[in-house]
Amino acid sequence: MATHPVRGTITHIGTLTSRPQAFLIFLAYAGLWLVYDARSLDWHSIATLATRAMTLFIQRAEHRDTQALHAKTDELLRRRQG
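Predicted, not measured: the structure shown is a model, and the values here were computed from it.

About the cut-offs
Residues numbered from 1 in each chain as written. Predicted model: local features only at pLDDT ≥ 70, side-chain atom pairs only at ≥ 80, totals over all residues. Heavy atoms only, no water. Helix = DSSP H or I, 4+ residues; strand = E, 2+ residues; numbered from the N terminus. Rg over C-alpha atoms; globule rule 2.2 N^0.38 Å. Axes fitted to C-alpha atoms, helices over the stretch in contact; angles between N-to-C directions. Parallel < 35°, antiparallel > 145°, perpendicular 65-115°, else oblique. Contact = heavy atoms within 4.5 Å. Phe/Tyr/Trp six-rings, centres within 6.5 Å; stacked < 30°, edge-to-face > 60°. Core = buried A, V, L, I, M, F, W, Y, C linked by side-chain atoms within 4.5 Å. Buried < 20%, exposed > 50% of the residue type's maximum accessible area, 1.4 Å probe, protein only. Salt bridge = Lys/Arg side-chain N within 4 Å of Asp/Glu carboxyl O. Patch = residues over 30% accessible without salt bridge, like charges linked within 9 Å, V, L, I, M, F, W, Y side chains within 5 Å. Areas by Shrake-Rupley, 256 points an atom, 1.4 Å probe, with all protein chains shown as cover.

Please clarify how the overall build of the protein should be interpreted in this entry.
Tallying secondary structure elements over the protein gives three helices and zero strands in all. Traced from its N-terminal end to its C-terminal end, the protein shows the element sequence α-α-α. Against the 2.2 N^0.38 benchmark of 12 Å for 82 residues, the protein shows a C-alpha radius of gyration of 18 Å, more extended than a compact globule. C-alpha atoms of the protein, sized along the principal axes, occupy 65 × 30 × 20 Å.

Please clarify how the packing of helix α2 (residues 20-36) against helix α3 (residues 43-81) should be interpreted in this entry.
A pair of packed helices can be characterised by two numbers: the angle between their axes and the separation between those axes. Running from N to C, α2 and α3 point in directions that differ by 175°, and their axes come no closer than 10 Å. With respect to α3, the element α2 is oriented roughly antiparallel. Contact residues: α2 offers Pro20, Ala22, Phe23, Phe26, Tyr29, Ala30 and Trp33, while α3 offers Ser45, Leu49, Arg52, Ala53, Leu56, Phe57 and Arg60.

I would appreciate a short explanation of the packing of aromatic side chains in the present structure.
Here a ring pair, both rings aromatic, is described through the centre-centre distance and the interplanar angle of the planes. Tallying each qualifying case throughout the model produces two aromatic pairs. When the ring of phenylalanine 23 is compared with that of phenylalanine 57, the centres are 5.1 Å apart and the planes differ by 40°; the resulting orientation is tilted. Pair noted here: phenylalanine 23 is in helix α2 and phenylalanine 57 is in helix α3, with a separation of 34 residues, a long-range link. Geometrically, the ring pair formed by tyrosine 29 and tryptophan 33 is tilted, given 6.0 Å between the ring centres and 55° between the ring planes.

Would you explain the nonpolar core in this entry?
A general trend in soluble globular proteins is that nonpolar side chains are found buried together. In terms of nonpolar packing, the biggest core is built from eight residues, these being Ala22, Phe23, Phe26, Ala30, Trp33, Leu49, Ala53 and Leu56. At the level of secondary structure, the elements contributing two or more residues to this core comprise α2 and α3. The leading source of residues in this core is α2, at five residues. Those residues in contact with phenylalanine 23 that lie beyond four places of it in its chain are Leu56, Phe57 and Arg60.

Just to check I follow, could you spell out the pattern of salt bridges for this structure?
One side chain can pair with another of opposite charge once the charged atoms of both are near each other. Taken as a whole and judged by the stated rule, the model has two salt bridges. Of the charged contacts, one joins glutamate 75 and arginine 79 as a salt bridge, the two residues approaching to 3.1 Å between their closest N and O atoms. Taken together, the residues span about one helical turn, with glutamate 75 and arginine 79 both in helix α3 at a distance of four residues. Because the salt bridges share partners, they merge into one network encompassing Glu75, Arg78 and Arg79.

Would you take a moment to explain a nonpolar patch on the surface for this structure?
A contiguous nonpolar surface patch, about 390 Å² in accessible area, is contributed by Leu32, Val35 and Tyr36. Along the polypeptide, tyrosine 36 turns up in helix α2. A relative accessible area of 69% means that tyrosine 36 is categorised as exposed.

Rendered as structure tokens:
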């Protein structure tokens, strides 16, 4: 199964991008872009940064929803077993 390691890697990357540190890395990236190449920061660049920020927010929200769903399912399974 060649896809299993790929799925695991993609899942791990998704988990990493849902952490608050991902927002700090994004802000550092945007700040460094502004410092080192401010002239290239046009409307297209701002739209790109906005898209990346929205992607991080969506990833974070989905991860929180998934974690809540897992917690509820675990609780239901514990009650059924015990």
